[in-house]
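Residues per chain, in single letters:
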Amino acid sequence: MGARLGLAAALALAAALLLPLGAVAWRAEGWSGLRPSDWGALWFTLWQAAVSAALSVLLAVPVARALARRRFPGRGAVLLLLGAPFILPVIVAVLGLVAVFGRAGVANVALGWLGIEPVSIYGWQGVILAHVFFNMPLATRLILQGWLALPGERLRLAAALGFTAADTFRRLEWPMLRAIVPGIFLVIFLICTTSFAVALALGGGPGATTVELAIYQAFRFDFDLSRAALLGAMQLALGAAAAALSLRLALPSGFGAGLDRAVPRWDSRGVGLRLQDTLAIALACVFLLLPMLLVLVEGALHVTALPRVAWEGALRSLVMALASAALTAGMALPMAMAAVRRGGGAVETVGTLSIAASPLVLGTGLFILLLPVTNPVDMALPVTVFVNVILALPFALRALIPAMRTLQADYGRLAASLGLVGFAWLRLVAVPRLGRPLGFACGLTAALSAGDLGVIALFASPDRGTLPLVLYQLMGSYRMEEAKAAALVLVLMSLGLFWLFERGGRHVET
Amino acid sequence: MLRLEGLRLSQGSFGLDADVAFPAGGVTALMGASGSGKSTLLAAIAGFLDPAAGRIVIEGADVTDLAPGDRPLSVLFQDQNLFPHLTVAENVGLGLRPDLRLSDDQRAARDRAIARVGLDGMADRLPRDLSGGQQSRAALARALLRGRPWLLLDEPFSALGPALRTEMLALLQETARDENLSVLMVTHAPEDARAVADRTALVADGALSAPVDTATLFADPPPALRAYLG
């Protein structure tokens, strides 16, 4: 019964993906409707994604290597810090980067002392900078996994043969990197091609508009639905091409379990290498922490000045986050049940397909579908929840399916022999035994949903925004102190929700 | 009566044929070397494996297509008989209602079953706070409570030491007699069969032979058993 529910959920998800995409394809009429600037957006999307991914990986390698071969107090905290950008609201990070690299930011002040002209964060350089901020930590964690997977025996053998650090690199580390880096590059490239909020806040204009942003502009400024649909089709083709490419490469998986050990090394005891590793870790920490600290500390000073509209937005965001988490769990749990049954592979495939879905394309499609029925603006919040659920499901499934598989192997026969099926099984076995992955999935969904600045920008009227949208509007009108206060509230809400669900899940399971 | 009519099991290159009737009442041992397919046969009777051909008939009813929980039988596995996050009372209570919404009468019946296997005062414990023997007793209590006419055991109590195993087998034999249960027990240990089984059936060379009185069987072992005993 539960598995049948899961099949139904998978079918609903497939429909939820295909109907909006179909609507976009239907409204897109011939490539001649595109302007030269739209092709410019495609070009910018591709090259900024390539540069962002390359920089992220290049910067990640020394940090990952340092973390792989050093043990030091606070290493766990550094790993935690590297995981944080994943659930950090994009708009908050952008605000932090502006505080560091903006015209009046710390970096430009320092440049000014050296007599160098200030550098603007707005434009392609800002978009790439923000992408590196988000993806360098991800790349570091994924590359670190590869490093820690190097067999200890082989490192011992290398030490016995008197390998220097350079020998180890050539014989062991370089082959490992060559095997995993292309996949990591591709994942980050993919993430950057669907970038919207970063481009919205830091890009725009000729030469710094992504396709996603162009969809938003065609929609919001020109109200040209058919051009928005055309651009949606372009983004769709981009996603499909990238997905096809990704099938040929081994993509990294998982969230980096078991990063908390350091492989013993004998080749890296020199002072120079120690200095190099210390520097790599310290720079990475400063790069990640400084923007956050500047925003949060100043935000704390001004939190009493927050306008009423921000608190209303916070309440909306909270409700949406909880609704998204509940819906995602309600779909992911039966889908995971169906996925581990015989012939459940299709369910798993549908669940991972939606990772390639672009929120703006889905939003455009939903707008086209809703337009004949109702005023889509009234549906802004439900539509946003809907899209958030679709985007969160792949992560939820990735956490739940392996755990469900283990549960089935351990207790499947016992449950079947007792006739323990359906809701009773969910209540008595699945939820208590899957507390951890379920709590993680709910926490992740809630955090992503609370911080999401995507479809909501497409639909909402200014007076009914979520907290991230209000924050963006405050930023746009240069009310930076209030924006930072809103950022503080948003971070506390996102991380708080993640923490609460995660802890709750652990508590249920033990 | 539990009848296997022209039953054929196959898994890859493995195949097993069975056309045998087990009389109700008492303990019947299914004995054979490891890999002979005796556990596979038990899994098929319990409903975890679809036979390639043939029927399984219990008390005159064809159960071949029934779900495991709907068959007139209970199963005790080698391990993983208890859910680790549920108490003894909950684990046993699952035998009456899988959703654990028990009436007062059902609660009383559950407590009687727990007492029957000697676990008084341990109803609120989690499995990890029980010894191996006590865990086996809890699983047995649940099987008694379910009240299904047949009880299938796959290498039961094999994780226990010799003394505890003998004790559990005796408890099994005694409760089965009291509750009028028919027991079908897979074992590779001849001493277990001799200790508690009224009848013994051999699984060897891809076939199941008809059950024979255990004492008679061991007094004059057929060639297959002789080869197994060595």
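Residues numbered from 1 in each chain as written. Chains lettered and ligands numbered in written order. Predicted model: local features only at pLDDT ≥ 70, side-chain atom pairs only at ≥ 80, totals over all residues. Heavy atoms only, no water.

1. Thoughts on the overall build of chain B
- Scanning chain B for helices and strands turns up eight helices and eleven strands.
- The C-alpha radius of gyration of chain B comes to 18 Å, within 12% of the 17 Å expected for a compact globule of 230 residues.
- For chain B, the spread of C-alpha atoms along the three principal axes comes to 50 × 40 × 30 Å.
- Out of the 230 residues in chain B, the part that is buried amounts to 53%.
- Considering only residue pairs separated by 6 or more positions, chain B has 66% of its internal contacts joining residues 24 or more positions apart.
- Working note: accessible area of chain B is about 9,900 Å², and carbon and sulfur atoms make up 48% of it.
- Positive and negative side-chain charges of chain B, numbering 22 and 29 respectively, have mean locations separated by a distance of 2 Å. (Helix = DSSP H or I, 4+ residues; strand = E, 2+ residues; numbered from the N terminus. Rg over C-alpha atoms; globule rule 2.2 N^0.38 Å. Buried < 20%, exposed > 50% of the residue type's maximum accessible area, 1.4 Å probe, protein only. Contact = heavy atoms within 4.5 Å. Areas by Shrake-Rupley, 256 points an atom, 1.4 Å probe, with all protein chains shown as cover. Lys, Arg positive; Asp, Glu negative; His and termini not counted. Charge placed at Lys NZ, Arg CZ, Asp CG, Glu CD.)

2. Digging into the domain arrangement of chain B
Residue and element names in this part refer to chain B.
- Per the domain assignment, the segments making up chain B are domain 1 (2-72 + 148-229) and domain 2 (86-147).
- The distance between the C-alpha centroids of domain 1 and domain 2 comes to 25 Å.
- Tallying the contact residues gives 16 residues for domain 1 and eleven residues for domain 2.
- Note on domain 1 versus domain 2: buried area summed over both sides is about 1,200 Å², and carbon and sulfur give 61% of it.
- If you look at where domain 1 meets domain 2, you find three salt bridges. (Domains from an automatic or database assignment. Buried area = accessible area lost by both parts, 1.4 Å probe. Salt bridge = Lys/Arg side-chain N within 4 Å of Asp/Glu carboxyl O.)

3. Overview of the packing of aromatic side chains
Residues and elements named next belong to chain A.
- Following the criterion strictly, the structure yields 16 aromatic pairs over all chains and no others.
- Here the aromatic rings of Phe196 and Tyr216 are separated by 5.4 Å at their centres, their planes lie at 65°, and the arrangement is edge-to-face. Of this pair, Phe196 sits in the loop between helix 8 (165-193) and helix 9 (197-202) while Tyr216 is found in helix 10 (residues 211-220), placing the two residues 20 residues apart along the sequence. Neither residue differs from the other here; Phe196 and Tyr216 are each classed as buried. (Phe/Tyr/Trp six-rings, centres within 6.5 Å; stacked < 30°, edge-to-face > 60°.)

4. A short note on the domain arrangement of chain A
Residue and element names in this part refer to chain A.
- Domains assigned within chain A are domain 1 (1-33 + 306-510) and domain 2 (34-149 + 157-253 + 274-298).
- Measuring from the centre of the C-alpha atoms in domain 1 to the corresponding centre in domain 2 gives 24 Å.
- Tallying the contact residues gives 45 residues for domain 1 and 41 residues for domain 2.
- Both faces considered, domain 1 and domain 2 share a buried interface measuring about 3,800 Å² in area, 78% of it formed by carbon and sulfur atoms.
- Looking only at domain 1, the three residues that lose the most surface to domain 2 are Trp31, Met475 and Lys484, adding up to 18% of its buried area.

5. Details of the packing of helix 4 (residues 90-101) of chain A against helix 6 (residues 124-148) of chain A
Residue and element names in this part refer to chain A.
- Closest axis-to-axis distance for the helix 4/helix 6 pair is 10 Å, and the angle between their directions is 120°. Between helix 4 and helix 6, the interaxial angle falls into the category oblique. You can see that helix 4 and helix 6 cross each other, and the crossing is right-handed. Counted together, Val90, Ala93, Leu97 and Phe101 of helix 4 and Leu129, Ala130, Phe133 and Phe134 of helix 6 form the full contact between these two elements. (Axes fitted to C-alpha atoms, helices over the stretch in contact; angles between N-to-C directions. Parallel < 35°, antiparallel > 145°, perpendicular 65-115°, else oblique. Left-handed = near helix turned anticlockwise from the far one by under 90°.)

6. Thoughts on the environment of A:Thr194
Residue and element names in this part refer to chain A.
- Here Thr194 shows up in the loop between helix 8 and helix 9.
- Sequence spacing of Thr194 and Ala166 is 28 residues, and the spatial spacing of their C-alpha atoms is 38 Å.
- The contact partners of Thr194, leaving out residues within four places of it in the chain, are Glu212, Gln235 and Ser358.

7. Some points on the interface of chain A and chain B
- Tallying the contact residues gives 16 residues for chain A and 20 residues for chain B.
- Between chain A and chain B, roughly 1,800 Å² of surface is buried when both sides are summed, and carbon and sulfur atoms account for 65% of that area.
- At the boundary of chain A and chain B, one finds zero salt bridges.
- Linking chain A with chain B are five residue pairs in polar contact (both at pLDDT 80 or more), by the criterion used here.
- Of all elements in the fold, only helix 16 (380-417) and helix 17 (422-433) of chain A reach the threshold of two or more residues within the side of chain A that touches chain B.
- A total of seven residues in the side of chain A that touches chain B trace back to one element, the largest contributor, which is helix 16 of chain A.
- Within the side of chain A that touches chain B, the residues separate by chemical class into ten nonpolar, two polar and four charged. (Polar contact = N/O pair within 3.5 Å; in protein donor to acceptor, adjacent residues only side chain to side chain. Nonpolar A, V, L, I, M, F, W, Y, C, P; charged D, E, K, R; others polar.)

8. Side note on the pattern of salt bridges
- Under the defined criterion, the tally for this structure stands at 25 salt bridges over all chains.
- The salt bridge involving B:Asp17 is made with B:Arg8; its shortest N-O contact spans 2.8 Å.
- Residues B:Asp62 and B:Arg55 are paired through a salt bridge, measuring 3.3 Å at the closest nitrogen-oxygen approach.
- Take B:Asp62: its relative accessible area is 39%, and that puts it in the partly exposed class.
- Residues joined by salt bridges that share partners form a network here, namely A:Arg35, A:Asp38, A:Asp222 and A:Arg227.

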